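So the chains spell out like this:
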Amino acid sequence: GLLAGHGLKGMEGYYSGYSPSEEALVARLCKKYGLFLTGGSDFHGKAKTSIRVGTGKGTLAVPYSCFESLKSCGHFFR
């Protein structure tokens, strides 16, 4: 709650280094504090050609809903 009170808007909840329980924890915190749930595939264009936007190592798949919620608020994309 402290960081949300200081302007935190979201947290990365989908990441290839997270365990399922860590992903669930971040999702619960986002819901509790009204934060955006985001994800990171570590896509870096030509620097990491084996990784695509939204998918990463292992079974990582960032849901499109993460992008949709960010886009719908109008704060990040104009």
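Provided above is the structure to which this section pertains.
Residues numbered from 1 in each chain as written. Predicted model: local features only at pLDDT ≥ 70, side-chain atom pairs only at ≥ 80, totals over all residues. Heavy atoms only, no water.

Chemist: Which residues make up the overall build of the protein chain, and what are the values?
Modeler: For the protein chain, the count of helices and strands is 3 helices and 2 strands. Considering only residue pairs separated by 6 or more positions, the protein chain has 51% of its internal contacts joining residues 24 or more positions apart. Accessible surface, the protein chain as shown: approximately 5700 Å² in total, 58% of it carbon and sulfur. (Helix = DSSP H or I, 4+ residues; strand = E, 2+ residues; numbered from the N terminus. Contact = heavy atoms within 4.5 Å. Areas by Shrake-Rupley, 256 points an atom, 1.4 Å probe, with all protein chains shown as cover.)

Chemist: Tell me what's going on with the packing of aromatic side chains, and back it up with residues and numbers.
Modeler: Summed over all chains, the structure comprises 2 aromatic pairs. Taking 5.4 Å as the distance between ring centres and 50° as the angle between the ring planes, the aromatic pair formed by Tyr64 and Phe67 counts as tilted. Residue Tyr64 and its partner Phe67 are both found in helix 3 (residues 64-73); the two are separated by 3 residues, about one turn of the helix. Look at Phe67 and you get partly exposed, because its relative accessible area is 31%. (Phe/Tyr/Trp six-rings, centres within 6.5 Å; stacked < 30°, edge-to-face > 60°. Buried < 20%, exposed > 50% of the residue type's maximum accessible area, 1.4 Å probe, protein only.)

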